[in-house]
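Okay, here's what each chain looks like letter by letter:
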Amino acid sequence: MKVRTLIVDDEPLGRDRLRQLLRDEPEIELVGECADGREAVAAIQKAPPDLVFLDVQMPELDGFGVLAELGGERMPVIVFVTAHDKFALKAFEVHAVDYLLKPFDRERFQKALGRALEQVRNREGREVIQRQAALLAGLKPAAAAPERLAVKSGGHVVWVNLDDVDWIGSADNYAELHVGEKSHLLRETLAALESRLDPKKFVRISRSVMVNAKRIVEIKRLFYGGCEITLQNGARLTLSRRNRDKLKQLGLG
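Residues numbered from 1 in each chain as written. Predicted model: local features only at pLDDT ≥ 70, side-chain atom pairs only at ≥ 80, totals over all residues. Heavy atoms only, no water.

Trainee: Give me the packing of aromatic side chains: which residues, what numbers.
Mentor: Scanning the model with the defined rule gives one aromatic pair in all. In this arrangement the basic side chain of arginine 148 is found over the ring face of tryptophan 159, its NZ or CZ atom lying 4.1 Å from the centre. (Phe/Tyr/Trp six-rings, centres within 6.5 Å; stacked < 30°, edge-to-face > 60°. Lys NZ or Arg CZ within 6 Å of the ring centre and 35° of its normal.)

Trainee: Mind laying out the pairing of strand E13 (residues 216-221), listing which residues take part and the relevant values?
Mentor: Bridge count between E13 and strand E14 (residues 227-231): five bridges; the pairing is antiparallel. Of the residues in E14, the one forming a bridge with glutamate 218 is threonine 230. Counting the residues that bridge the hairpin from E13 to E14 gives five residues, and of these glycine 225 lies at a positive phi of roughly 115 degrees. (Pairing = 2+ DSSP bridges. Helix = DSSP H or I, 4+ residues; strand = E, 2+ residues; numbered from the N terminus.)

Trainee: Can you explain the sheet that holds E13? Please cite residues and give values.
Mentor: The three strands lie next to each other as E13-E14-E15, forming an open sheet whose pairing is antiparallel. Looking along the sheet, the strands with just one partner apiece sit at the ends: E13 and strand E15 (236-239). Neighbouring strand axes in the sheet, compared pairwise and without regard to direction, differ in orientation by 25 degrees on average. Bridging between E14 and E15 involves four bridges; their strand directions are antiparallel. (Axes fitted to C-alpha atoms, helices over the stretch in contact; angles between N-to-C directions.)

Trainee: Can you explain the packing of helix H1 (residues 12-23) against helix H5 (residues 106-121)? Please cite residues and give values.
Mentor: Where H1 meets H5, the axes come as close as 11 Å, and the angle between the chain directions of the two elements is 70 degrees. As the angle between them shows, H1 and H5 are arranged roughly perpendicular. H5 is crossed by H1, and the crossing has right-handed handedness. Each of Arg17, Leu18, Leu21 and Leu22 in H1 lies in contact with H5, whose residues at this interface are Arg106, Phe109 and Leu113. Along the lines of polarity and charge, the residues of the contact of H1 with H5 split into five nonpolar, no polar and two charged. (Parallel < 35°, antiparallel > 145°, perpendicular 65-115°, else oblique. Left-handed = near helix turned anticlockwise from the far one by under 90°. Contact = heavy atoms within 4.5 Å. Nonpolar A, V, L, I, M, F, W, Y, C, P; charged D, E, K, R; others polar.)

Trainee: Account for helix H2 (residues 37-46), with residues named and values stated.
Mentor: Those residues of H2 lying buried are Gly37, Arg38, Ala40, Val41 and Ile44. Seen along its axis, H2 keeps its buried residues to an arc of 160 degrees; they face one direction. Capping the start of H2, aspartate 36 holds a side-chain oxygen 3.1 Å from the backbone nitrogen of arginine 38, two or three residues further along. (Buried < 20%, exposed > 50% of the residue type's maximum accessible area, 1.4 Å probe, protein only. Arc of directions from axis to C-beta. Polar contact = N/O pair within 3.5 Å; in protein donor to acceptor, adjacent residues only side chain to side chain.)

Trainee: How would you summarise the environment of alanine 35 if you had to cite specific residues and measurements?
Mentor: The residue alanine 35 is located in the loop between strand E2 (28-34) and H2 in this model. Taking the relative accessible area as the measure of exposure, alanine 35 reaches 27% and is therefore partly exposed. Look past the residues within four positions of alanine 35 in its chain and what remains in contact with it is Asp9, Asp10 and Arg15.

Trainee: Could you give me a rundown of helix H3 (residues 63-70), with the residues and numbers involved?
Mentor: Burial within H3 is extensive, with seven of its eight residues counted as buried. Listed in full, the buried residues belonging to H3 are Gly63, Phe64, Gly65, Val66, Leu67, Glu69 and Leu70. A side-chain oxygen of the first residue of H3 lies 2.8 Å from the backbone nitrogen of glycine 65; this N-cap is aspartate 62.

Quick look at the structure:
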């Protein structure tokens, strides 16, 4: 059986390069191409491939965000594709994950592909890749948490400073940024966004809510074990009982 392979890269030239190289490989069946992380998550969840060439630097949802979204479930073998990124390269080397550093030649591609095909055939190798992917996803926030987010609205882009965000709610496959009396819909799930933000600044207080810790003015314990959190703008949010451990993340006992 041929190895079902997916290409994920936001740059058309990057996808063209990989497509040309894979076209000559008899063991490969190219099942699709994705231009961003959101497309990649949908494609992998709908019809899981065996192998993915995954670009690290992509807008909105990058390669690490894709891993966070997939959560290790039915994870394909990954070959990361990256431009010069010291943090990413160090993480790949530490966890023995293969990668292609742009620009790469056919020889380097053949080496990466050969190792990936061996992992596809070897179920134990697949499990190793899943564990490594989980570690990489956990390391990503330490690289460089964003200071602002680009939100597409109609035909324009609005930049939202994270320091101005009071709290963030889940809205299906979107994250809703609440900034004073305004709100902005970001095309990214709450789980993926959480993986990119500084955990010291934004705390997940329930399944559907993250809060800017600097905006909290009062925390009131509730009789059933949860807490009511009041923000500077008067908004009241609930910290669920199962998230009581997040009080330590907020600097409370």
